[in-house]
Amino acid sequence: MASSVQSKRVRKTPEERRTEIVSAAAAIALTEGLECITVRRVADELAVRPGLIGHYFPVTEDLVAEAFGVAATAELDELIPAGRPTDGPVERLARFFSLTVGESYDGMSRLWLNARHLSRYRPTLADRVARQEALWRDRLSGLIREGTEAGVFHTDDPMETAVQILVVLDGLGAHANTDRGDRSPTVANMAVTTAERELDLQKGSLLTLMSAPGTHRAH
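Only a predicted model underlies this, so the values are computations on that prediction, with no experimental measurement involved.

What counts and how
Residues numbered from 1 in each chain as written. Predicted model: local features only at pLDDT ≥ 70, side-chain atom pairs only at ≥ 80, totals over all residues. Heavy atoms only, no water. Axes fitted to C-alpha atoms, helices over the stretch in contact; angles between N-to-C directions. Helix = DSSP H or I, 4+ residues; strand = E, 2+ residues; numbered from the N terminus. Parallel < 35°, antiparallel > 145°, perpendicular 65-115°, else oblique. Contact = heavy atoms within 4.5 Å. Nonpolar A, V, L, I, M, F, W, Y, C, P; charged D, E, K, R; others polar. Salt bridge = Lys/Arg side-chain N within 4 Å of Asp/Glu carboxyl O. Buried < 20%, exposed > 50% of the residue type's maximum accessible area, 1.4 Å probe, protein only.

J.: Looking at this structure, how should I read the packing of helix α1 (residues 14-32) against helix α2 (residues 39-46)?
T.: A packed helix pair is summarised by two numbers, namely the angle formed by the two axes and the spacing between the axes. Here α1 crosses α2 at 105°, and the two axes come no closer than 10 Å. Here α2 runs roughly perpendicular to α1, going by the angle between their axes. Of the residues in α2, those in contact with Glu20, Ile21, Ala24, Ala25, Ile28 and Glu32 of α1 are Arg41, Val42, Glu45 and Leu46. Of the residues contributing to the contact of α1 with α2, the split by class is six nonpolar, no polar and four charged.

J.: In this structure, what is going on with the pattern of salt bridges? I would like to understand it.
T.: Tallying each qualifying case throughout the model produces 14 salt bridges. Where Glu66 meets Arg18, a salt bridge forms, and the shortest distance between an N and an O atom there is 3.8 Å. One end of the pair, Glu66, is in helix α4 (residues 60-79); the other, Arg18, is in helix α1, with 48 residues separating them in the sequence. Exposure remark for Arg18: the relative accessible area of 35% places this residue in the partly exposed category. A salt bridge links Arg128 to Glu66, with the shortest nitrogen-to-oxygen separation between them at 2.9 Å. Residue Arg128 is located in helix α7 (residues 123-149), and its partner Glu66 is located in helix α4; the two are separated by 62 residues in the primary sequence. The exposure class of Arg128 is buried, given its relative accessible area of 11%. Three or more residues are tied together by salt bridges with common partners; here these are Lys12, Arg17 and Glu20.

Keep in mind these numbers describe shape, not what the thing actually does.
Have a look at this one:
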């Protein structure tokens, strides 16, 4: 016998609906690419009418840029959390590097490559890519500056050192679509050794911390 009680449809707030749309678009970006984000594709993913997506994002390029920004910010917050830290600068830097390996990070590397390529002719996305790059530089240079003030790092220019590290990581990330099985430890750890050299840390000290129990690694 069918129940006479009808389930009530939950009505989402505009903020909840917008977040849901952006999250779905970000998931599509990570698995299929930013160019696959369309109103109809996102609507199909959420089982809603395309008009609903268009209501929140009349311009699809705005949704593409927002999806990239949300995914990139989530990555940054995982690698270098904002807020008051519980670990020291050296431990946090080691944790940062330990998380820049694995399938999850490779997926984000591919998304960054995708975004930078498309931003050549998509101004809205180009602006968001520039903003995300600035966030990366600020967050990492802030960590380095904190370590310098504490006397555990030594560098005359935390921002320049941060940029050097990020350039090496970007270079390694450019190979995210290739087989990494034959990558030598020297190449794989190039960003770590760059940090040790530029911050005047003992050679191998970060690698030792990265392999210590309790250090979070990406899988």
